[in-house]
Amino acid sequence: MTPELVDLGDPAFQADPHPSYASWRGTGPVRRARLPSGLEAWLITRYDDARRALTDPRLSKKSFPMGSGQAGGGSRTAGTAPPAAMGPGIGAAISKHMLAVDPPDHTRLRRLVSAAFTGRRIEALRPRIEQIAAELLDGIEKEKKVDLIDAFAFPLPIQVICELLGVPAEDRDDFREWSNAVVAGSQAGPKLGPAIEAMVGYIHTLLAERRAKPGDDLLSGLIQVRDAEDRLTEEELSSMVFLLLVAGHETTVNLIGNGAYLLLRDRAEWERLGADRGLLPGAIEEFLRYEGPVETATFRVATEDVEIGGVTIPAGDPVVVSLLSANRDTDQYPDADELRLDRPNSHHLAFGHGIHYCLGAPLARLEAQIAFTALLDRHPDLRLDIPAEDLRWRPGLLLRGLEELPVSL
Ligand code: HEM
């Protein structure tokens, strides 16, 4: 019997998706789902199937249906497909990046930037990231209560990715607004089109400025390989900048925010980590597994009939892998719904798997390590200001993060 179609646009589901995923993993782990945009796709919910899907070359990143708002987004823009009403030039300016293409284009584009994201290169950023974290905490030293997302979890990664690329951080508030609309996808409503256009305009201006005045940053380096060596097209260049900016902060904000929430909803965990910092690297992996920043931003399309979990996905059909669900699969993790800061290496899928495995994973891990160390050092008495059940999750299906995290310092 074919499992029933499920509606992922349902606000009740989005507010607390874990119980639904648990039931679907049992009653039809590969099933049809309606995305918030209205598009129907195959939803993959179990760990083994997710791993297989993420590495199967027959599930392509190209040709995810356009005009589908949030749905189209995962592959094309890490956020959204441009709405149908938008000109093709705008769409192409943000959709020709490595996360939206297959080899050989994927290999070529990823190689252009991979050297900047190796563990060694990223580790060299540690002192500067520590300084940014310290400055942000200095800025709220006199406050008694803050929204930890707004004051810390958001500005830290955006400042870091802006500096790495060579983008002025003053623009970050505008940027945040557009980027929020982009990742909310179809659920951003009429704000989506203007947000994408504004973002594309912004990226074009940045590129023009940096062309006129090159610096010692990643953006200038990319312009050089475009202009002098012709190793990527202009659209691939602007799409790369778009991807790095959006992927570089929309996710890490949730790692810091979700992790802080998990520690503070039961302060014993906060105290335990404070007393034993050796737990921190493992704790970060457990935050990623337990309440990872990316829910379903994993879009693919079957290029031929593909069998997964006993179900044949017909050629041409869109596929969505729920990383959030896979990481709570009790066949992989017997006590999956328990947060265990000392869980041994769990091979979670929060950064994806296979050729599109997150390029920024070393950076995200380093930022989280620095963020939690700084918070525990400076604010050992940190506590939630409202009951954990009253916290609201951001709408949308691509990412998993809190709207606000009100805390007392
Ligand atoms: C790809 C998660 C931070 C850049 C991915 C994918 C996931 C992911 C799941 C693969 C999606 C798929 O297969 O469809 C995360 C999480 C982060 C994070 C959970 C934070 C905790 C970052 C950062 C950057 C970044 C800081 C920095 C620039 C990228 C890029 C790709 C990617 C460029 C595409 C890689 C490719 O297609 O080869 N990320 N990410 N991410 N991520 Fe991240």
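Figured I'd write up the structure that's included with this text. Not measured: the values here are computed from a predicted model.

Criteria and cut-off values
For every chain, the first residue of the written sequence is number 1, and numbering continues from 1 along that sequence. It should be noted that, the model being predicted, local features are given only for residues of pLDDT at least 70 and side-chain atom pairs only at 80 or more, the latter also being counted only at that level, while totals for whole chains, interfaces and linings use all residues. The numbering of helices and of strands both runs from the N terminus, where a helix is a DSSP run of H or I of at least 4 residues and a strand a run of E of at least 2. Note on method: radius of gyration uses C-alpha positions; expected globular size equals 2.2 Å times residues raised to 0.38. Exposure classes come from backbone-placed C-beta atoms, where a residue is buried if 20 or more other C-beta atoms lie within 10 Å of its own, exposed if 12 or fewer do, and partly exposed in between. Once C-beta atoms are placed from the backbone, any two residues with those atoms within 7 Å are in contact. For two strands to count as paired, DSSP must find a minimum of two bridges between them. By our criterion, buried Ala, Val, Leu, Ile, Met, Phe, Trp, Tyr and Cys residues that link up through C-beta atoms within 7 Å make up a nonpolar core.

Quick look at the overall build of the protein
Alright, step 1. Looking only at helices and strands, the protein has 19 helices and eleven strands in total.
Alright, step 2. For 409 residues, the compact-globule estimate of 2.2 N^0.38 gives 22 Å, and the protein sits close to it at 20 Å.
Alright, step 3. Projected onto its principal axes, the C-alpha positions of the protein cover 60 × 55 × 40 Å.
Alright, step 4. Across the 409 residues in the protein, those meeting the buried criterion constitute 46%.
Alright, step 5. Intrachain contacts of the protein at a sequence separation of at least 6 include 73% that bridge at least 24 residues.

Structural notes on the sheet that holds strand β11 (residues 406-408)
Alright, step 1. Taken in spatial order, the three strands make up an open sheet running β5-β11-β10, and their pairing is antiparallel. One side of each edge strand has no neighbouring strand; the edge strands of this open sheet are β5 (145-147) and β10 (383-384).
Alright, step 2. As paired elements, β10 and β11 share two bridges and run antiparallel to each other. Bridged to Arg-383 within β11 is Ser-408.

Topic: the pairing of strand β9 (residues 318-321)
Alright, step 1. Here β9 shows a buried face lined by Pro-318 and Val-320 and a second buried face lined by Val-319 and Val-321.
Alright, step 2. Bridging between strand β3 (residues 40-44) and β9 involves three bridges; their strand directions are parallel. Bridge pairing in β9 links Trp-42 to Val-319.
Alright, step 3. The pairing of strand β6 (residues 300-302) with β9 spans two bridges and is antiparallel. Within the sheet, the bridge partner assigned to Arg-300 lies in β9 and is Val-319.

What about the sheet that holds strand β4 (residues 59-60)?
Alright, step 1. Reading across the sheet, the six strands line up as β1-β2-β3-β9-β6-β4 and stay open at both edges, with mixed pairing between neighbours. Looking along the sheet, the strands with just one partner apiece sit at the ends: β1 (6-7) and β4.
Alright, step 2. Here β4 runs beside β6; their pairing, made up of two bridges, is antiparallel. Opposite Leu-59, over in β6, you have Ala-302 as the bridge partner.

Structural notes on the nonpolar core
Alright, step 1. Counting residues in hydrophobic clusters, the biggest one holds 111 residues, and the most contacted among them are Ile-44, Ala-50, Leu-165, Val-241, Val-319 and Val-321.
Alright, step 2. For this core, the element with the highest residue contribution is helix α14 (residues 234-250), accounting for nine residues.
Alright, step 3. With near-sequence residues (within four places) excluded, Ala-50 lies in contact with Ile-44, Val-321, Leu-323, Ala-326 and Leu-349.

Here we look at the pairing of strand β2 (residues 30-34)
Alright, step 1. Bridge count for β1 against β2 is two bridges, and the pairing is parallel. The partner of Asp-7 across the bridge, within β2, is Arg-34.
Alright, step 2. Taken together, the five bridges between β2 and β3 define a ladder with antiparallel strand orientation. Considered in β3, the bridge of Arg-32 is made with Trp-42.
Alright, step 3. Hairpin connection between β2 and β3: a loop of five residues separates the two successive antiparallel strands, and Gly-38 in this loop has a positive phi of roughly 100 degrees.

That's the geometry; what it means functionally is another story.
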